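The primary structure of each chain is shown beneath.
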Amino acid sequence: MLEYAFMQNALLVSVLISLMCPMIGMFLVLRRYSMIGDTLAHASLAGVAVGLLAKVNPIISAFAVTSVFAVLIEVLRQRFRRYAELILVIILSLSVGIAITIISSGMVHTNVEAFLFGSILTVTPDDVLAVAVLCVISLAAVYFLYPQLVMLAFDEDGTKIAGVKTRLINYIFALLVAAMVAVSIRVVGILVISSLIALPVAAALQLGKGFKVTMLAAMVLSFIAIITGLVTSYWLGAAPGGVTALVSVALLLLIIIYKEIRAVL
Amino acid sequence: MIELKHIEFAYESGSELLRDINMQVNDGEYIAIVGENGSGKSTLVKLLLGLLEPSKGELKNTFSSIGYVPQRFETLNSQFPITVYEVMEYYRRILKVADKQAVRRCLEQMHVYDLRDRLIGTLSGGQCQKVLIARALLGSPQLLIFDEPSTGIDVKSQQELYKFMQELHEQGITIITVEHNLKFAARNADKMYHVMNGHGHFCNPQEYVQEYMQDNVGGAE
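Figured I'd write up the structure that's included with this text. The shown structure was predicted, so the numbers you read here are calculated from the model rather than taken from an experiment.

### With respect to the overall build of chain B
For chain B, the count of helices and strands is seven helices and nine strands. In summary, chain B has a C-alpha radius of gyration of 17 Å against a globular reference of 17 Å for 221 residues, a match within 12%. With the C-alpha coordinates aligned to their principal axes, the bounding extent of chain B is approximately 45 × 40 × 35 Å. Evaluated residue by residue, chain B yields a buried proportion of 52% over its 221 residues. Taking all contacts inside chain B whose residues are at least 6 apart in sequence as the whole, residues at least 24 apart take part in 67%. Accessible surface for chain B amounts to roughly 10,200 Å². Of this, 45% is attributable to carbon and sulfur atoms. Here chain B contributes 22 positive and 29 negative side-chain charges, whose respective centroids are spaced 8 Å apart.

Take a look at the structure:
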């Protein structure tokens, strides 16, 4: 299976996704921003459409356009604190509107399914490079801002009092979410990204451990889900996104059942 | 020293909460802020902490480091997967305190070092409060601000807590505490600042408690 170049590309990207999604997803889930991740995942379709139209690598264009939407959400969130869900609906309408208009007008000729459900056949060496660059920058950003990001999620007031520029950190975080979405589009697919943001984190939270251990556990669970999706996709010819989502749900259920059984015994 | 002159504050949508606050807190003082629910005590604390900007007036602060002890679960997410040690270590890093031993020292000072591997959400009210004080001590604060420190903790822990607060005061740390526990506030505080109808004034702690007892028979805690 791994003798094929397309599988090697897909595997490499999958490993990077299994690092990125739980790492950023952890902060999204704990700050109760999971829906922002979901909205931006859908909004990335506009980025893909714009990239295909402008003949730019769709991962790069998805990152650029999703970043604009992510920052826009952050700006609007500061201004309209009481209408957070409405902001997401507006961004969703705008982005999906752009995507559907471009794709349905026939201005671009592409298999949209591959972007929606994920595909192992379409990962090009250029994609691998784009994903690797985005991942390295994101990992470095999280490494350097780790205490600020954790404390901001845990206790926003305390973090402000400690002198952290919370607004700046929030904008950087918005870009990190955009990077996570862009990285995941090819293999996982736009429709499934949100399951990889939230489910491995939800499962890891069941373990009742500290922050670092929970994040590492989420990465392991995410890795299992993506690799299972990849291998199944190879043997069954199905899109990897579907299996990845199903395995994520199964892992969460298994951990919950295990916990319940242990509590009874 | 913190000095507030003619401070006014109103939330975006609401009416004016603080109308004319004048207050001076000198170095080394222990001030208890008291008042009814919704009188604006917590808003006043947020102004002192710089979390809110006054709509009008002048706020001068000469304390270079301020520690804050929030109400136990008001701002903290009890489900958050974080150990006591992680809370302390990450806070040390964002405060840019170079001394790595500060975490151990502050936890030991509050007698909670043995809880370092526990998740913060699994601690009792008293234990959590001690950890939050240890966290506030990390930056060697000149001023410590408490928001209703005795909320949600048992009587024994309350007695311990106020003993700690008194000890910190004796070490020269200025203390401002929002209080609903009048008994302890009157015993510890040098002065009380009573907030009512958007205005505030200093009063003698013992006299305030006596007055309160007369107005609300059996109402003082």
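### Points about the overall build of chain A
The number of helices and strands found in chain A is 11 helices and zero strands. Tracing chain A from N to C terminus, the helices and strands come up as α-α-α-α-α-α-α-α-α-α-α. Principal-axis analysis of the C-alpha atoms places the extent of chain A at approximately 50 × 50 × 30 Å. Taken across its 265 residues, chain A has 55% of its residues classed as buried. Excluding contacts between residues fewer than 6 apart, the proportion of contacts in chain A whose partners are at least 24 apart in sequence is 79%. Within the structure as shown, chain A displays about 11,800 Å² of accessible surface, and the carbon and sulfur contribution to it stands at 71%.

### Brief notes about the interface of chain B and chain A
Each partner contributes to the interface: chain B provides 23 residues, whereas chain A provides 26 residues. Counting every contact that joins chain B to chain A gives one salt bridge. With a closest N to O distance of 2.7 Å, Arg135 of chain B and Asp155 of chain A form a salt bridge. Between chain B and chain A we count six residue pairs in polar contact (both at pLDDT 80 or more) in total. Among the elements of the structure, α1 (41-49), β5 (66-69) and α2 (84-94) of chain B are those that each provide at least two residues to the side of chain B that touches chain A. Per-element accounting of the side of chain B that touches chain A gives the leading share, six residues, to α2 of chain B.

### Let's talk about the packing of aromatic side chains
Applying the stated rule across the entire model yields 12 aromatic pairs over all chains. Summarising the aromatic geometry, the rings of Tyr234 of chain A and Trp235 of chain A are spaced 5.0 Å apart at their centres and angled 90° between planes, so their arrangement reads as edge-to-face. Owing to a relative accessible area of 64%, Trp235 of chain A belongs among the exposed residues under this scheme. Ring pairing ties together the aromatic residues Phe27, Tyr146, Phe154, Phe173 and Phe211 of chain A together with Phe80 and Tyr90 of chain B, which thus form one cluster. A cation sits over an aromatic face here: Arg135 of chain B above Tyr91 of chain B, 4.4 Å from the ring centre.

### A short note on the pattern of salt bridges
Oppositely charged side chains can form a pair if their charged atoms are brought close together. All names here are of chain B. Tallied over the entire structure, the rule returns 10 salt bridges over all chains. For the salt bridge of Lys60 with Glu3, the shortest nitrogen-to-oxygen distance reads 3.8 Å. Of this pair, Lys60 sits in strand β4 (residues 56-61) while Glu3 sits in strand β1 (residues 2-10), and the two are 57 residues apart along the sequence.

### Details of empty space enclosed by the protein
Rolling a probe over the atoms, with the probe sized like a water molecule, indicates the empty space that remains. Residues and elements named next belong to chain A. Within the structure shown, the criterion is met by one cavity of 30 Å³ or more. When its volume is computed, the largest cavity comes out at roughly 90 Å³. Arg31, Tyr33, Ile36, Leu40, Ala70, Ile73, Glu74, Asn170, Phe173, Ala174 and Val177 together form the lining of the largest cavity. Sorting the residues of the lining of the largest cavity by element identifies α2 (34-54), α3 (58-79) and α8 (166-188) as the ones contributing at least two each. Top contributing element to the lining of the largest cavity by residue count: α8, with four residues. Looking at the lining of the largest cavity, its residues break down into eight nonpolar, one polar and two charged.

### What about a nonpolar patch on the surface?
All names here are of chain A. The grouping of Phe80, Tyr83, Leu86, Val89 and Ile90 at the surface amounts to a nonpolar patch, some 500 Å² of accessible area in total. Tracing the backbone shows Ile90 in helix α4 (residues 84-104). Look at Ile90 and you get partly exposed, because its relative accessible area is 46%.

### Describing helix α4 (residues 125-137) of chain B
Residue and element names in this part refer to chain B. Along its 13 residues, α4 runs 18 Å from first to last C-alpha, staying within 8% of the 18 Å computed at 1.5 Å per residue. Of all 13 residues making up α4, 12 are buried, and the element is well covered by its neighbours. Three or more residues of α4 are buried, namely Gly125, Gly126, Cys128, Gln129, Lys130, Val131, Leu132, Ile133, Ala134, Arg135, Ala136 and Leu137.

Cut-offs applied
- Residues numbered from 1 in each chain as written.
- Chains lettered and ligands numbered in written order.
- Predicted model: local features only at pLDDT ≥ 70, side-chain atom pairs only at ≥ 80, totals over all residues.
- Heavy atoms only, no water.
- Helix = DSSP H or I, 4+ residues; strand = E, 2+ residues; numbered from the N terminus.
- Rg over C-alpha atoms; globule rule 2.2 N^0.38 Å.
- Buried < 20%, exposed > 50% of the residue type's maximum accessible area, 1.4 Å probe, protein only.
- Contact = heavy atoms within 4.5 Å.
- Areas by Shrake-Rupley, 256 points an atom, 1.4 Å probe, with all protein chains shown as cover.
- Lys, Arg positive; Asp, Glu negative; His and termini not counted.
- Charge placed at Lys NZ, Arg CZ, Asp CG, Glu CD.
- Salt bridge = Lys/Arg side-chain N within 4 Å of Asp/Glu carboxyl O.
- Polar contact = N/O pair within 3.5 Å; in protein donor to acceptor, adjacent residues only side chain to side chain.
- Phe/Tyr/Trp six-rings, centres within 6.5 Å; stacked < 30°, edge-to-face > 60°.
- Lys NZ or Arg CZ within 6 Å of the ring centre and 35° of its normal.
- 1 Å grid on protein atoms, 1.4 Å probe; cavity = no way out; pocket = protein on both sides within 12 Å on 5 of 7 lines; lining within 4 Å.
- Points joined across faces, edges and corners; volume = space filled by probe spheres on them.
- Nonpolar A, V, L, I, M, F, W, Y, C, P; charged D, E, K, R; others polar.
- Patch = residues over 30% accessible without salt bridge, like charges linked within 9 Å, V, L, I, M, F, W, Y side chains within 5 Å.
- Expected span 1.5 Å × (residues − 1).

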